[in-house]
Amino acid sequence: MKTNIIICSLLFALCSLGDTYAATTPWWMQPTVCRLDPTDCYTTMGMGFDSEMWDATSNCWGLKLICPDALVAYSRDPVPMGRAEIARDGGKKIKVDFDTNLLGTDGDCFGRRKTSENGTVASVNGTNVYVWCPGILDKPDETLPNGEITYGTQPTCKSLAEYGYVGIENGRCYGKYFDNAKYFIECGTALMPIRLIVLNGADYTTPMNGAPIDMDAAERLFDKMYSVSQTQHAKYFQE
């Protein structure tokens, strides 16, 4: 009987100590409480991150905010995504033309259109297109730091030449202007013109006998002029 009394006394003492510990220790510090891993998903989380959201698949804090323009499905606001979701479903949920490692142009979410060649070429529907200097495209679909792009049919040599432009690099964008009063831009089937002919001050607006009546006639005339020029050059400027 005496032994039983001693055992009961010890148990009572231990229980009392446990109650005292539970009463003095905050509930969130008690060993029976399950706590989330406080590890951050990213080294630093500033603009473009929601640092208060839990990434369940990666077991860490922090979600990337993906810009609406970079998403396949329409969204008015940036959409938070976890690291595993971006890596696994990026091809289905994020457009191939956007880089989610870069902040967007507004700097508040991730997803910037991919560019190359010092920003003169951009990715549209998985294909590289030229970034045109401001003012060349009639209705640009998007403005980039270096110029403008169109999602649809790209400019041709003839469509550019009509306004005096040639599809060559001009600084950090494409499209260089040549005054139609001073140059004739002869186009073929490629974007680059076949020839750029200097008019040497000739006033092509002045009426003359035998003047070409359309562009095809003008091109035939210039071909003839070019041929004569080459013949004369070979005759009088021999190496």
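None of these values were measured; they are calculated from a predicted model.

About the thresholds
Residues numbered from 1 in each chain as written. Predicted model: local features only at pLDDT ≥ 70, side-chain atom pairs only at ≥ 80, totals over all residues. Heavy atoms only, no water. Helix = DSSP H or I, 4+ residues; strand = E, 2+ residues; numbered from the N terminus. Buried < 20%, exposed > 50% of the residue type's maximum accessible area, 1.4 Å probe, protein only. Contact = heavy atoms within 4.5 Å. Areas by Shrake-Rupley, 256 points an atom, 1.4 Å probe, with all protein chains shown as cover. pLDDT = per-residue confidence, 0-100. Core = buried A, V, L, I, M, F, W, Y, C linked by side-chain atoms within 4.5 Å. Polar contact = N/O pair within 3.5 Å; in protein donor to acceptor, adjacent residues only side chain to side chain. Phe/Tyr/Trp six-rings, centres within 6.5 Å; stacked < 30°, edge-to-face > 60°. Lys NZ or Arg CZ within 6 Å of the ring centre and 35° of its normal. Pairing = 2+ DSSP bridges. Disulfide = S-S within 2.5 Å.

A. Structural detail: the overall build of the chain. Secondary structure summary: the chain contains four helices and 14 strands in total. A burial count over the chain gives 31% of its 239 residues as buried. Within the chain, residue pairs in contact and separated by at least 24 positions form 36% of the contacts whose partners lie at least 6 positions apart. Per element, the accessible surface of the chain, about 16600 Å² overall, is 56% carbon and sulfur.

B. Local environment of the confidence of the model for the chain. Confidence in the prediction for the chain averages 82 pLDDT; 76% of positions are at 70 or higher. Segment residues 1-19: pLDDT under 50, and zero contacts once partners within four positions in sequence are set aside and those in other chains are kept.

C. Fine view of the nonpolar core. In terms of nonpolar packing, the biggest core is built from twelve residues, these being Cys 41, Tyr 42, Phe 49, Cys 60, Ile 66, Ala 70, Leu 71, Met 81, Ile 86, Ile 94, Phe 98 and Phe 110. Setting aside residues no more than four positions away along its own chain, Phe 110 makes contact with Met 47, Gly 48, Phe 49, Lys 64, Leu 65, Ile 66, Cys 67, Thr 100, Asn 101, Leu 102, Leu 103 and Gly 104. Of all hydrophobic cores here, the second largest spans seven residues; its members include Trp 132, Leu 160, Cys 173 and Tyr 174.

D. Representation of the side chain of Asp 97. Within the element layout of this structure, Asp 97 appears in the loop between helix 2 (83-93) and strand 4 (98-103). For Asp 97, a relative accessible area of 6% corresponds to the buried category. Polar contacts involving the side chain of Asp 97 include one to the side chain of Ser 123, which spans 2.6 Å. Leaving out residues up to four positions away in the same chain, Asp 97 has contacts with Arg 112, Arg 113, Lys 114, Ser 123, Val 124, Asn 125 and Gly 126.

E. Just the packing of aromatic side chains, in detail. The tally for this structure, following the rule as stated, stands at eight aromatic pairs. Their ring planes at 85 degrees and their centres at 5.9 Å tell us that Tyr 130 and Trp 132 sit as a pair that is edge-to-face. Through successive ring pairs, a cluster of aromatic residues spans Tyr 42, Phe 49 and Phe 110. Over the face of the ring belonging to Phe 110 we find Lys 64, whose NZ or CZ atom lies 4.6 Å from the ring centre. The ring of Tyr 42 has Arg 83 sitting right over it, with the charged end atom 5.8 Å from the ring centre.

F. Examining the sheet that holds strand 6 (residues 115-116) more closely. With antiparallel pairing, the three strands of this open sheet are ordered in space as 6-7-8. What marks the edges here is a single partner per strand, and that holds for strand 6 and strand 8 (127-130). One ladder, built from two bridges, connects strand 6 with strand 7 (residues 121-124); its direction is antiparallel. The residue of strand 7 that forms the bridge with Ser 116 is Val 121.

G. Layout of the state of the cysteines. Going through the model one piece at a time under the given rule, you end up with four disulfides. Through a disulfide, Cys 133 is tied to Cys 173; the S-S separation comes to 2.0 Å. Disulfide Cys 133 to Cys 173: torsion about the S-S bond roughly 95 degrees, handedness right-handed. Here Cys 133, found in the loop between strand 8 and strand 9 (142-144), pairs with Cys 173, found in strand 12 (residues 173-177); they are 40 residues apart in sequence, far enough to count as distant. Bridging Cys 157 to Cys 187, the disulfide has an S-S length of 2.1 Å. Classification of the bridge connecting Cys 157 and Cys 187 rests on its S-S torsion, roughly -75 degrees, and on that basis the disulfide is left-handed.

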